[in-house]
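Now for the letters of each chain:
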There are 6 protein chains.
Amino acid sequence: MRRLLITGAAGALGSVLRESLKGYADVLRLSDIADMGAAREGEEVVQCDLGDFDAVRGLVDGTDGIVHLGGVSREGAFEAILNANFRGTYHIFEAARQTGKQRVLFASSNHAIGFHEREDRLGKDAPYRADSIYGVSKCYGEIMARYYFDKFGIESVSVRIGSCFPEPRDRRMLATWLSYADFTSLVKAMFDAARTGAAMVYGASDNKEQWWDNGHAAFLGWHPQDSAEGFRAKVEAATPEPDWQDPAVRYHGGSFAAAGHFEDD
Amino acid sequence: MRRLLITGAAGALGSVLRESLKGYADVLRLSDIADMGAAREGEEVVQCDLGDFDAVRGLVDGTDGIVHLGGVSREGAFEAILNANFRGTYHIFEAARQTGKQRVLFASSNHAIGFHEREDRLGKDAPYRADSIYGVSKCYGEIMARYYFDKFGIESVSVRIGSCFPEPRDRRMLATWLSYADFTSLVKAMFDAARTGAAMVYGASDNKEQWWDNGHAAFLGWHPQDSAEGFRAKVEAATPEPDWQDPAVRYHGGSFAAAGHFEDD
Amino acid sequence: MRRLLITGAAGALGSVLRESLKGYADVLRLSDIADMGAAREGEEVVQCDLGDFDAVRGLVDGTDGIVHLGGVSREGAFEAILNANFRGTYHIFEAARQTGKQRVLFASSNHAIGFHEREDRLGKDAPYRADSIYGVSKCYGEIMARYYFDKFGIESVSVRIGSCFPEPRDRRMLATWLSYADFTSLVKAMFDAARTGAAMVYGASDNKEQWWDNGHAAFLGWHPQDSAEGFRAKVEAATPEPDWQDPAVRYHGGSFAAAGHFEDD
Amino acid sequence: MRRLLITGAAGALGSVLRESLKGYADVLRLSDIADMGAAREGEEVVQCDLGDFDAVRGLVDGTDGIVHLGGVSREGAFEAILNANFRGTYHIFEAARQTGKQRVLFASSNHAIGFHEREDRLGKDAPYRADSIYGVSKCYGEIMARYYFDKFGIESVSVRIGSCFPEPRDRRMLATWLSYADFTSLVKAMFDAARTGAAMVYGASDNKEQWWDNGHAAFLGWHPQDSAEGFRAKVEAATPEPDWQDPAVRYHGGSFAAAGHFEDD
Amino acid sequence: MRRLLITGAAGALGSVLRESLKGYADVLRLSDIADMGAAREGEEVVQCDLGDFDAVRGLVDGTDGIVHLGGVSREGAFEAILNANFRGTYHIFEAARQTGKQRVLFASSNHAIGFHEREDRLGKDAPYRADSIYGVSKCYGEIMARYYFDKFGIESVSVRIGSCFPEPRDRRMLATWLSYADFTSLVKAMFDAARTGAAMVYGASDNKEQWWDNGHAAFLGWHPQDSAEGFRAKVEAATPEPDWQDPAVRYHGGSFAAAGHFEDD
Amino acid sequence: MRRLLITGAAGALGSVLRESLKGYADVLRLSDIADMGAAREGEEVVQCDLGDFDAVRGLVDGTDGIVHLGGVSREGAFEAILNANFRGTYHIFEAARQTGKQRVLFASSNHAIGFHEREDRLGKDAPYRADSIYGVSKCYGEIMARYYFDKFGIESVSVRIGSCFPEPRDRRMLATWLSYADFTSLVKAMFDAARTGAAMVYGASDNKEQWWDNGHAAFLGWHPQDSAEGFRAKVEAATPEPDWQDPAVRYHGGSFAAAGHFEDD
């Protein structure tokens, strides 16, 4: 891998990968709409609005792979999500088509399936049940990835990221936590793989509680190594007892699913 | 049904329903960005850009049901589809949430699943396989419909319209044709139903060749009555022999799937 | 068929079959805990408490087939259902095992699966979701039927009766109605069949709205002929507009599912 | 269709199609190892051992479609089946590959799935459960058809023929009967279709009792018109009451499944 | 957890949990129809007939969770099972509804699915195939648990216990064994869980041979730690070679399925 | 196990088992059409053409189990495969039926399912998709195994061997490799099992990349211990970068699937 593009490089996950992927490619091309500081050795830094196609085309051109983290990463105003996530993700795939047919990691989210109930373990075929406009934008990105593979032969992996933080911060994350190390190994696994098609992978560590089944993606050879279990005592001490009827407990999407739920009216 | 809104009323399907639904509701409120002529008895005519939320909110307010046909209805430029289909469909659902929780018919399309192969009969659980940006926008609309039901209790039916024309125009339409009369009866069935949830229905007449299975939606009680078969001789005389390897024959989406397909490079 | 036993013969369905099966068997042996009037030609009348095994054994002995309608046929006190439905159904199967291994029609009910949602069409593999103690007793009867087949080779058909009345009485019955004629033809079909195993059949007429799929039981050759549709205008005129959020509309079991539902607290 | 090859043309089904397909193609090329009489107008008659590849290659060359009925059509000695069915079917597909990539109808049989139980309705995905060496040879032919499609692009339809006779001859055939007219219409449907892939179709008429589900093949537009029901009285009068435990009743394959069954030892 | 009720506390499993759950709750309330000895510190001892509703209501009142082991735990006379298992389990759930909506562990059994064949690995959706009246009572209990959740919001976990003994006692138990420690950790896991719905879990240790798949219940975070493998040599030395045709080997339920099987007549 | 037959004993796998199974049975009866050297202690050596039934019958007679490795083990001329694999495998099963109903290990191959795509993880129910005539012969052997079990009660395990070599030799084998030790433990597991039915097992070691799911066969208690991962660096250094569009990468069958593929014309 000579040149790997990371979008959203100024964000939390982007900053993590900027460190953890150092050396994985000869050059990391880093992009964000926000300031990323100066380029270090083995880096290129390109400030770029994902809503500007010409800029995105230039950004993508000359790279060998794309880690697309850019866009709005939580629930927000529709127009902001429309620009960054809908328009931006299209721009990434279209630019890849026009330049080098690079393989793309699309940072999807568990919020694409956030309205399934906790007792239902989800695999490859779980229907989309977005829990937010943000979640809808992630469904869209996955569908775009599949479309660009079916029609244009652009390979991708959509990672339905659970909760990617330094450590689990609440009880739900005891199941959904994805450690930085496990996310990094997943990025490497998908670019190392001989073929990915338009795969989808759930992004969770090897936690004791498991909500998602990645059996279908075993061909990628990714085996997360971390577990949220070591943080259980700390988390339980710091957070209240859950109520099983609370939509934030009932649904995979947690507070995203609960926010504004009509049955609470 | 007192007041039924039809968006896209200046379009082909909108014009059909303007006639065929006359009398089904006390008032048909007709909307389009294009000119629709003068309102006739039992009609209200409101010119409206679906990309303007305030206008859409006013449009939706006071209605008892929405037939949402508006938007770009074929493959086109991304920005045009982004405005009319992505932004516009969100505006419709959001306006419904804010005003009357009206039941919505979302005019989806077979192009949401257009990259499945002809030999695969598709039912409720067929994964999304959009064959075009237009098709991606239809997947999006269905996911938005599900989201607005799960979170806000807005009922809907997404109709994956096959080929809705006065008569089948090519060999593919011998399987995919939806007559105007059958579309009309489907519209009535979904508004008459006691409950729809966020259902999906394939919109095809009772043709001899069948690609889609509506068994899951039998609770709606819709039974198409027309068949493309009477047009077979005419169609076959007017169109060339198909080639089974042609992507337009291989895939459900026909020419939408074939356009630009990379394996033809 | 020489001698066919009908339990619950004083009840509504029993009285219907008493007439409609006249001549189907040489002798109809009729049983109930209530008075059934005098035996007519081709009939034997035996008053019997299904909770008394010796009586049931005598009742079953010498017959060639059993239509087991007896027991409590609506929600009721647990102890009444325990005696008539739990104890009584066991007695019927056990008596069949001890005497003639007669094929049994078990009158099950849609209330065995009454907590599924209307938008979900149910087939053979729908999990049990009883909506009442009565519904639980019907699940039990089906499981008992399967057990007696697996272990002892007693054949049966469990009929999940929808709404078997002279005509549909409310809007739900436009989907769930089973006409007397169709029920009668089903009884004949199952006794005429070369083999039934421990089959399950949904008991609904050929209504326009369909909630249940009998495809798995097509080997029985039963084709209902009646439809609730002719009663639609009358029913709709006599009953209020449904509310899609009402549990009685949401769930297959209708008012059985709605009664006492905790989310209404 | 200019020239259509029918193998096994001297057999019962071959003789039927020789008549019923008259005029469907400009020329019917008829082949058998047995005598077929003289060629009539629109016919070519070629005596051929399917075990002789050069002969088969010559037979296939110049045709536009193949109806492959040839081979042993009942249980028999392994070596006879090995030559006619295993070697012969390979020869047909390989000759098609070498000459014209003609579409092939492979006359498969219900005996490929004959060890499934009657209560199990079978569709596209029923696992192979051959009931005889003959049945194994039919599984083989279907797998060969799929292989020649996947690797070489030879289209085919494998028809799992039920019981194709002038009329049903026993009680089992009330479910499995395929009328000559329905078989003929199926042959036409598959050659008229724009694309078949390597489809499989169950060959049964529109009988009242149905064991097999052809929903997956609805894209072919084949709708059988005949029914065994008109022969029921005659068949039941002429045949004994079935015993549900008899393997010939229990299994789809009837007497093929029952012959030699070890549990009867 | 302040007060945890254990029914059947004088039985084998009850005695085990009385020890192993010491300290898990502030108070263990122990109940049985048999003598349980004197209460020790942290215990309450209440003799109670599960067939007496008022007694059960008093028993359940004031507790925070229920481990319902009580009832007949092997095949037995119908009337005994009817009282203890059918009536008793209803009493437990109904008392929970009336008092505190306590979460319930229902001690189900592999005998609820005992007539499946060994080669079929069973998961969440395996149809009920009871192998005994005892097994039927366990199906009933699971259905009751689901009913009380759907209608009244009583959470539960039904544990289909394999063979819970100090060590495996025969060859079948090399697959079905559940160690006391693993059962204890499962009890804790289900009461610690934020939500259980009406889950079902197979109760087997981490044995080398596995018949059941608990993937669907991974959200509970239960990971058995013991294995029957260490007892293999001892078990094999003490028990005869199995016969693959023996119903006790063929079916999941072992000797329960074999007892009285009609094909052995 | 007193006497275990190994066919194909002069081949690569046969030679491995000749060593690794030493002592597992009192006597290893070794057979091949080629020279196997002299019998050693605990061995019987019988040269035999699998195409000669009388010879095979003699070979099988007196044994207690059969490891059937014999036949053509790569793509080859149809007639050679017809004799050795089709005729030979029939002879093995038929001889088992006539002599001792010995349990049979049938050496099947991943090439029976070689035309599935890499992104599809395959389990028990994956449809046959042979990638070669050799692969067709393996489908046939599995179907024959099922037939001999259904009709005659001959137990078997069909092992879909991945790549059984001393070490992985190319990048595909990093997923498909089966170590000799793991193959040996599988042979022992299947003969030690109380019952196998007509099971199918995928033969791959515990590699990091996994294409196949053996969950259905967990009842056999086989747990492979080796992994190809230790050979990754060596393999990657010695082999070129894969091209994801290469049929040898796209399909499970690797170069077998790619050879002669029509889309490469």
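Please read all numbers here as calculations on a predicted model, not as lab measurements.

Engineer: Can you tell me about the relation of the copies chain B and chain A, naming the residues and giving the values?
Structural biologist: It takes a turn of 180 degrees to lay chain B on chain A, together with a shift of 0.0 Å along the axis; the resulting RMSD is 0.0 Å. In short, the pair behaves as if placed about a two-fold rotation axis. Within chain B, the C-alpha atom positioned nearest to the axis of rotation is that of Y140(B), 3.0 Å from it. When the interface residues of chain B are mapped onto chain A, 100% of them again lie at the interface, so the same face is used by both copies.

Engineer: Describe the sheet that holds strand β1 (residues 3-7) of chain A, listing the residues and the values that go with them.
Structural biologist: Note on sheets: strands pair through backbone hydrogen bonds, and any given pair is parallel or antiparallel. Residue and element names in this part refer to chain A. Read from one edge to the other, the open sheet built from 7 strands follows the order β3-β2-β1-β4-β5-β6-β7, with strand pairing classed as parallel. Edge strands, defined here as strands with exactly one partner in the open sheet, are β3 (43-47) and β7 (198-203). Going across the sheet, the axis of each strand differs from the next one's by a mean of 20 degrees, ignoring polarity. Direction of pairing for strand β5 (residues 103-109) relative to strand β6 (residues 156-161): parallel, over a ladder of 6 bridges. Along β6, the bridge assignment pairs F106 with S158.

Engineer: Describe the interface of chain B and chain C, naming the residues involved and giving the relevant values.
Structural biologist: Taken together, the contacts link 15 residues of chain B with 14 residues of chain C. Together, the buried faces of chain B and chain C total about 1200 Å²; carbon and sulfur atoms form 57% of this surface. The interface formed by chain B and chain C contains 1 salt bridge. Note that R195(B) is salt-bridged to E119(C), the shortest N-O span being 3.0 Å. Summed over the shared surface of chain B and chain C, the result is 7 residue pairs in polar contact (both at pLDDT 80 or more).

Engineer: I'd like to hear about the interface of chain B and chain A, residue by residue, with values.
Structural biologist: Of the residues lining the interface, 34 residues belong to chain B; the matching set on chain A comes to 34 residues. Summing the contributions of chain B and of chain A, the shared interface buries around 2900 Å²; its carbon and sulfur component is 66%. Along the contact surface separating chain B from chain A lie 4 salt bridges. Linking D150(B) and R129(A) is a salt bridge whose minimum nitrogen-to-oxygen distance equals 2.8 Å. Remark: the boundary between chain B and chain A carries 10 residue pairs in polar contact (both at pLDDT 80 or more). The set of elements that each furnish at least two residues to the side of chain B that touches chain A consists of α3 (78-99), α4 (133-152) and α9 (255-258) of chain B. Ranked by residue count, the leading element in the side of chain B that touches chain A is α4(B), at 12 residues. Residue classes in the side of chain B that touches chain A are distributed as 20 nonpolar, 4 polar and 10 charged.

Engineer: Could you give an account of unusual backbone geometry, naming the residues involved and the relevant values?
Structural biologist: Although it is not a glycine, K101(D) sits at a positive phi angle of roughly 50 degrees. With respect to the helices, strands and loops of the structure, K101(D) is situated in the loop between α3 (78-99) and β5 (103-109).

Engineer: A description of the relation of the copies chain B and chain C should follow, citing residues and the corresponding values.
Structural biologist: Of the two same-sequence chains, chain B is brought onto chain C (RMSD 0.0 Å, axial shift 0.0 Å) by a rotation of 120 degrees. Such a combination of rotation and displacement between the chain copies is what one expects of a three-fold axis. Residues of chain B ranked by C-alpha distance from the rotation axis are headed by G215(B), positioned 6.2 Å from it.

Engineer: Mind laying out the packing of aromatic side chains, listing which residues take part and the relevant values?
Structural biologist: Here a ring pair, both rings aromatic, is described through the centre-centre distance and the interplanar angle of the planes. Taken as a whole and assessed by the stated rule, the structure comprises 84 aromatic pairs over all chains. Both rings, one in F115(D) and one in Y251(D), keep their centres 4.9 Å apart while their planes meet at 80 degrees; by these two values the pair is edge-to-face. Linking F115(D) in the loop between β5 and α4 (133-152) with Y251(D) in the loop between α8 (247-250) and α9 (255-258), this pair joins segments that are 136 residues apart in sequence. Note on accessibility: F115(D) and Y251(D) belong to one class, buried. Geometrically, the ring pair formed by Y147(E) and Y148(E) is edge-to-face, given 5.3 Å between the ring centres and 80 degrees between the ring planes. With respect to class, Y147(E) is no different from Y148(E); both count as buried. Members of the aromatic cluster, each reached through a chain of ring pairs, are F86(A), Y140(A), F86(B) and Y140(B). When the ring centre of F165(D) is taken as reference, the NZ or CZ atom of R169(D) above it lies at 3.8 Å. The positively charged end of R97(F) is found above the aromatic ring belonging to F152(F), 4.9 Å away from the centroid.

Engineer: Could you give an account of the pairing of strand β7 (residues 198-203) of chain F, naming the residues involved and the relevant values?
Structural biologist: Residue and element names in this part refer to chain F. Among the 6 residues that make up β7, 6 are buried, leaving the element largely enclosed by the rest of the structure. Judged from the 6 bridges that link them, strand β6 (residues 156-161) and β7 form a sheet pairing that is parallel. Pairing of R160 across the sheet is with Y202, part of β7.

Engineer: I'd like to hear about the sheet that holds strand β4 (residues 65-68) of chain E, residue by residue, with values.
Structural biologist: Residues and elements named next belong to chain E. Reading across from one edge, β3-β2-β1-β4-β5-β6-β7 is the order of the 7 strands in this open sheet, with parallel pairing throughout. A single partner strand is all that each edge strand has here, and the edge strands are β3 (43-47) and β7 (198-203). Across this sheet, the average inter-strand angle for adjacent strands is 20 degrees, counted without regard to direction. Helix α2 (residues 53-60) rests against β1 (3-7), β2 (27-32), β3 and β4 of the sheet, and its axis sits at about 165 degrees to β2.

Engineer: Just give me the short version of the arrangement of the chains, but keep the residues and values in it.
Structural biologist: At the level of C-alpha atoms, the two units chain A and chain D stay apart, their nearest approach being 18 Å. The two units chain C and chain F never meet; even their closest C-alpha atoms stay 18 Å apart.

Engineer: Quick rundown of helix α4 (residues 133-152) of chain C? Include the residues and the values.
Structural biologist: Since the α-helix advances by 3.6 residues per turn, residues separated by three or four positions end up pointing in the same direction. Helix length check: α4(C), at 20 residues, gives a terminal C-alpha distance of 27 Å against a target of 28 Å (1.5 Å per residue), a fit within 8%. The buried count for α4(C) comes to 19 of 20 residues, which makes it a mostly enclosed element.

Engineer: Residues and numbers for the packing of helix α1 (residues 12-20) of chain E against helix α6 (residues 180-192) of chain E, please.
Structural biologist: All names here are of chain E. Running from amino to carboxyl end, α1 crosses α6 at an angle of 70 degrees, the nearest separation of the two axes being 10 Å. Between α1 and α6, the angle is such that the two are roughly perpendicular. Seen from above, α1 lies across α6 with right-handed handedness. Mapping the contact onto sequence places L13, V16, L17 and S20 in α1 and Y180, F183, T184, V187 and K188 in α6. Along the lines of polarity and charge, the residues of the contact of α1 with α6 split into 6 nonpolar, 2 polar and 1 charged.

Engineer: An account of the confidence of the model for chain A is requested, with residue identities and associated values reported.
Structural biologist: With 99% of its residues at a pLDDT of at least 70, chain A reaches an overall mean of 97. Overall fold confidence (pTM) sits at 0.97, and the ipTM for the predicted complex is 0.97.

Engineer: Any chance you could break down the state of the cysteines for me, citing the residues and the numbers?
Structural biologist: Throughout the structure, instances matching the rule amount to 0 disulfides over all chains. Just so you know, C164(B) is unpaired, no disulfide at all, and the nearest cysteine sulfur is the one on C139(B), 20 Å from it.

The rules behind the values
- Residues numbered from 1 in each chain as written.
- Chains lettered and ligands numbered in written order.
- Predicted model: local features only at pLDDT ≥ 70, side-chain atom pairs only at ≥ 80, totals over all residues.
- Heavy atoms only, no water.
- Least-squares fit on C-alpha atoms with pLDDT ≥ 70 in both.
- Contact = heavy atoms within 4.5 Å.
- Pairing = 2+ DSSP bridges.
- Helix = DSSP H or I, 4+ residues; strand = E, 2+ residues; numbered from the N terminus.
- Axes fitted to C-alpha atoms, helices over the stretch in contact; angles between N-to-C directions.
- Buried area = accessible area lost by both parts, 1.4 Å probe.
- Salt bridge = Lys/Arg side-chain N within 4 Å of Asp/Glu carboxyl O.
- Polar contact = N/O pair within 3.5 Å; in protein donor to acceptor, adjacent residues only side chain to side chain.
- Nonpolar A, V, L, I, M, F, W, Y, C, P; charged D, E, K, R; others polar.
- Phe/Tyr/Trp six-rings, centres within 6.5 Å; stacked < 30°, edge-to-face > 60°.
- Buried < 20%, exposed > 50% of the residue type's maximum accessible area, 1.4 Å probe, protein only.
- Lys NZ or Arg CZ within 6 Å of the ring centre and 35° of its normal.
- Expected span 1.5 Å × (residues − 1).
- Parallel < 35°, antiparallel > 145°, perpendicular 65-115°, else oblique.
- Left-handed = near helix turned anticlockwise from the far one by under 90°.
- pLDDT = per-residue confidence, 0-100.
- Disulfide = S-S within 2.5 Å.

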